[in-house]
Amino acid sequence: MLPPILKNLRIPVVGSPMFIVSGPELVIAQCKAGIVGSFPALNAREKDGDPIQLDLWLTRIQEELDRHNQANPDRPAAPFAVNQIVHRSNARLERDLEICHRHKVPIWITSLGAREDVNHAAHDCGGIVLHDVINNTFAKKAISKGADGLIAVAAGAGGHAGPESPFALIQEIRAWFDGPLLLSGAISTGRAVLAAQVMGADLAYIGSRFIASDEAHAEPAYKQMIVDSGAEDIVNSAYFTGVPGNYLMPSVVNTGMDLALLGTGDPSKMDFGSASAGHSDKPKAWSQIWGCGQGIGAVDAVEPAGAIIDRLAREYAEAKAAVSAL
Ligand SMILES: Cc1cc2nc3c(=O)[nH]c(=O)nc-3n(C[C@H](O)[C@H](O)[C@H](O)COP(=O)(O)O)c2cc1C
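First, a word on what this report is: a plain description of the structure on this page. No experiment lies behind these values; they were computed from the predicted model shown.

**Things to note about the overall build of the chain**
Assigned secondary structure in the chain consists of 10 helices and 10 strands. Over its C-alpha trace the chain gives a radius of gyration of 19 Å, about what one expects of a compact globule, namely 20 Å for 326 residues. On the principal axes, the C-alpha backbone points of the chain span a range of 55 × 55 × 40 Å. Counting over 326 residues, the chain shows a buried share of 50%. Long-range contacts, defined as pairs at least 24 residues apart, comprise 65% of the intrachain contacts of the chain with a sequence gap of at least 6.

As structure tokens, this is what we get:
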């Protein structure tokens, strides 16, 4: 069962939150084009004494989407989401929760920790919570703590990916959970969005495809590396942040680091307090070591997010027609 807020999207897609990469421009473009746009609250940073960026970003997103809806009542914008990293190293969490509550953020995406008080805060302002998980045990825990829906982060996803096949993960969660279920990992085409639904998910959760968009906060060389790379260029390593993540191998090579270190990593060193969320003595994930999922073989140009979503919608409709003709 999908809550009303996740129904009536142009295509069943959520643009996933990406550290550093997702900001108001990308979120606004995604929502205007009909899919949920999202960003990590931690991306909105200010210098000491400056106005609170998260407050400014939320005001801007809400005003621009309101204006769009008034001008286009026939194709209103999709809702937006904010991602909270629920980890002990995130010293801003309480402040960010208060700001999101005050702005009545409609969709809250929580990562790493499942906490009842965070879910209460979201529900109290009319929002829903989608919690991201890499296995069935974490999925059960998240729902028992009051999350409304789950994001199954499968192997091949950009960022902190899980180790499990999407088939295995969706099958195990769907055996007991009939609420909103999103699939994350290497989804880049409309056909793959439909495949996620056929597998049992309600919506697809797409990240890396949007790094190669005009609106993404990523340097041109990062965007171009995504255009030039494929699944074979993605390396999985826990070395940079302490937990396994997928990265563009050419960006690792560019730092000149000893590649033998890729097989090592220490989870106790995870730190979301700094702007790059890595250890202090090594190349920085995500600013130097570029996060990316395996689905980028489908990316052949840097384009506006709206054009990417138009293509996804076209491919999704074509895939539906092709499948029903089978
Ligand atoms: C560069 C990058 C940064 C990410 N940062 C975050 C983050 O801050 N919070 C989060 O919940 N997920 C983060 N993710 C994971 C995505 O939200 C999502 O699970 C993933 O991108 C989906 O797989 P795909 O990239 O293959 O489409 C990140 C992914 C990438 C590629």
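**A look at the sheet that holds strand 7 (residues 181–184)**
Across the sheet, 8 strands lie side by side as 1-8-7-6-5-4-3-2; this open sheet has parallel pairing. Bordering the open sheet on either side are strand 1 (13–15) and strand 2 (37–40), each of which pairs with just one other strand. Recorded for the sheet is a direction-independent mean angle of 25° between the axes of neighbouring strands.

**Focus: the site of the ligand**
Near the ligand you find 27 residues, and of these Gly158, Gly159, Gly207, Gly291 and Gly293 are the closest. For the shell around the ligand, the residue count by class is 13 nonpolar, 12 polar and 2 charged.

**Let's talk about the nonpolar core**
Counting residues in each nonpolar core, the largest one holds 102 residues, and the members touching the most others are Leu150, Ala152, Leu182, Leu183, Val193, Ala204 and Ile211. Among all residues touching Ile211, those that are not within four sequence positions of it are Met18, Val21, Ala216, Ala218, Tyr222, Lys223, Ile226 and Cys292.

**Quick word on unusual backbone geometry**
Note the cis peptide between Ala285 and Trp286, where omega equals 10°. Phi at Ile20 takes a positive value of approximately 65°, unusual for a residue other than glycine. Within the element layout of this structure, Ile20 appears in the loop between strand 1 and helix 1 (24–32).

**Re the packing of helix 7 (residues 190–199) against helix 10 (residues 305–324)**
Packing of helix 7 against helix 10 brings their axes to within 7 Å, and their N-to-C directions diverge by 55°. One element, helix 7, and the other, helix 10, form an angle in the oblique class. For the crossing formed where helix 7 meets helix 10, the hand is right-handed. Touching Gly190, Arg191, Val193 and Leu194 of helix 7 are Leu312, Ala313, Arg314, Glu315, Tyr316, Glu318, Ala319, Lys320 and Val323, all from helix 10. In the contact of helix 7 with helix 10, the residues fall into 7 nonpolar, 1 polar and 5 charged.

**Quick look at the pairing of strand 10 (residues 245–248)**
Both faces of strand 10 are covered, namely the face carrying Gly245 and Tyr247 and the face carrying Asn246 and Leu248. Pairing of strand 9 (residues 234–237) with strand 10, which is carried by 4 bridges, proceeds in the antiparallel orientation. Counted as the bridge partner of Ser237 is Gly245 from strand 10.

**Considerations on helix 8 (residues 220–228)**
An α-helix turns once every 3.6 residues. As a result, residues three or four positions apart point the same way. Those residues of helix 8 not exposed but buried are Tyr222, Lys223, Met225 and Ile226. Considered in projection along helix 8, the buried side chains sweep an arc of 160° and stay on one side of the axis. Relative to its buried face, helix 8 has exposed residues pointing more than 90 degrees away, namely Pro220 and Ala221. As for helix 8, its buried residues are in contact with strand 10 and helix 9 (249–254).

**Side note on helix 2 (residues 53–71)**
The end-to-end C-alpha distance of helix 2, which contains 19 residues, comes to 27 Å, matching closely the 27 Å that a straight helix rising 1.5 Å per residue would cover. Among all positions of helix 2, only Leu54, Trp57, Leu58, Ile61 and Leu65 are buried. All buried residues of helix 2 project into a common sector of 95° when viewed along the axis, lining one side. Helix 2 presents Thr59, Glu63, Asp66, Arg67, Gln70 and Ala71 as exposed residues on the side facing more than 90 degrees away from its buried surface. Considering only its buried residues, helix 2 is in contact with helix 1, strand 3 (80–85) and helix 3 (93–102).

**Thoughts on the environment of Ile61**
The residue Ile61 is located in helix 2 in this model. Spatially, the C-alpha atom of Ile61 lies 8.4 Å from that of Glu25, the residues being 36 residues apart in sequence. Non-local contacts of Ile61, meaning those with residues more than four positions away in its chain, are made with Pro24, Val27, Ile28 and Phe80.

**Section: the packing of helix 1 against helix 2**
Remark: helix 1 packs on helix 2, axes separated minimally by 10 Å, with the N-to-C direction vectors making an angle of 25°. Judged on the interaxial angle alone, helix 2 and helix 1 are roughly parallel. Here the hand of the crossing between helix 1 and helix 2 comes out right-handed. The segment helix 1 lies against helix 2, with Pro24, Val27, Ile28, Cys31 and Lys32 engaging Trp57, Arg60, Ile61, Glu64, Leu65 and His68. Grouping the constituent residues of the contact of helix 1 with helix 2 by class yields 7 nonpolar, 1 polar and 3 charged.

How each quantity is defined
Residues numbered from 1 in each chain as written. Predicted model: local features only at pLDDT ≥ 70, side-chain atom pairs only at ≥ 80, totals over all residues. Helix = DSSP H or I, 4+ residues; strand = E, 2+ residues; numbered from the N terminus. Rg over C-alpha atoms; globule rule 2.2 N^0.38 Å. Buried ≥ 20, exposed ≤ 12 C-beta atoms within 10 Å, placed from the backbone. Contact = placed C-beta atoms within 7 Å. Pairing = 2+ DSSP bridges. Axes fitted to C-alpha atoms, helices over the stretch in contact; angles between N-to-C directions. Near = placed C-beta within 6 Å. Nonpolar A, V, L, I, M, F, W, Y, C, P; charged D, E, K, R; others polar. Core = buried A, V, L, I, M, F, W, Y, C linked by C-beta atoms within 7 Å. Parallel < 35°, antiparallel > 145°, perpendicular 65-115°, else oblique. Left-handed = near helix turned anticlockwise from the far one by under 90°. Arc of directions from axis to C-beta. Expected span 1.5 Å × (residues − 1).

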